[in-house]
Amino acid sequence: MVVKKMRRGGLAARLWRDRFAGTRRLLANLTVAEEAKRRGIATPSPVALCLRADGLGLYQAWLMIEEIAQARDLLSVFKEGAPPPGVLEAAMGLVRRMHDAGLHHRDLNLGNLLVREDPPGTREAFVIDLDRAVLRPGPLDDGDRLRALLRLERSYVKHVGAPGPLGDDAHSVWLALYTGDDADLASRLE
């Protein structure tokens, strides 16, 4: 098991750090993950959520999730250079399945995609940190898909640098891995 202290990001982090108004967002970490798994998305199962009232309706929280043994995030994979064969294909295949299943991960970045070899020679991908993720009744629209891919690319440029191991046309690499043989989707996202 892994225990994660729930923290805010962005501008709110400066004021609220690890405190949340109410419990709705915190409890969603349990329900969204379970529904995502039900929809076939590879993500660790939540085990427990510990809440501590901090007064004035503020809460601190710790989320316990199952550990994905022998998995590494894409950020650490890229820090070692070009990813081994199949790693990006597995990760981007997962992102595509997430979007097809209606999961909108609002913080999609290299650190939130895990990959592992299981069994040897086969790559498997997982998505983590579903805080603020939204499950829609149907697939994401093209705009949300494109914004998610661009967010992932920004994470790559920020942490790995450009052009990095993917070369000068990294956008085309991400897009090709995401769309696969769906020429219609590729055309719409271009």
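It should be noted that the structure appears before, not after, this text.
Treat the numbers as computed from the prediction; the structure is a model and nothing was measured. (Residues numbered from 1 in each chain as written. Predicted model: local features only at pLDDT ≥ 70, side-chain atom pairs only at ≥ 80, totals over all residues. Heavy atoms only, no water.)

A few points about the pattern of salt bridges
- One pass over the structure, following the stated rule, counts 19 salt bridges.
- One salt bridge connects Lys4 with Asp129, and the closest N-O pair in it is separated by 2.7 Å. One end of the pair, Lys4, is in strand S1 (residues 2–5); the other, Asp129, is in the loop between strand S8 (123–127) and strand S9 (134–135), with 125 residues separating them in the sequence.
- In this structure, Arg116 and Glu124 form a salt bridge, with 3.0 Å as the shortest nitrogen-oxygen distance.
- Note on Arg116: relative accessible area 18%, which makes it buried. (Salt bridge = Lys/Arg side-chain N within 4 Å of Asp/Glu carboxyl O. Helix = DSSP H or I, 4+ residues; strand = E, 2+ residues; numbered from the N terminus. Buried < 20%, exposed > 50% of the residue type's maximum accessible area, 1.4 Å probe, protein only.)

Remarks on unusual backbone geometry
- Pro163 follows Ala162 through a cis peptide bond whose omega is 0 degrees.
- Turning to its location among the elements, Pro163 is positioned in the loop between helix H5 (142–159) and helix H6 (170–179).
- The phi angle at Leu56 is positive, at roughly 55 degrees, despite the residue not being glycine.
- Along the polypeptide, Leu56 turns up in the loop between strand S3 (46–55) and strand S4 (58–65).
- Residue Leu56 is classed as exposed on the basis of its relative accessible area of 88%.

Thoughts on the nonpolar core
- Ranked by internal contacts, the top residues of the largest apolar core, which has 36 residues, are Ile41, Leu74, Leu103, Leu113, Leu130 and Trp174.
- Sorting the residues of this core by element identifies helix H2 (24–38), helix H3 (74–79), helix H4 (87–100), strand S7 (113–117), S8, H5, H6 and helix H7 (183–189) as the ones contributing at least two each.
- Considering every element that reaches this core, the biggest residue donor is H4, with eight residues.
- Counting residues in each nonpolar core, the second largest holds seven residues, with Met6, Leu49, Leu63 and Ile65 among its members. (Core = buried A, V, L, I, M, F, W, Y, C linked by side-chain atoms within 4.5 Å.)

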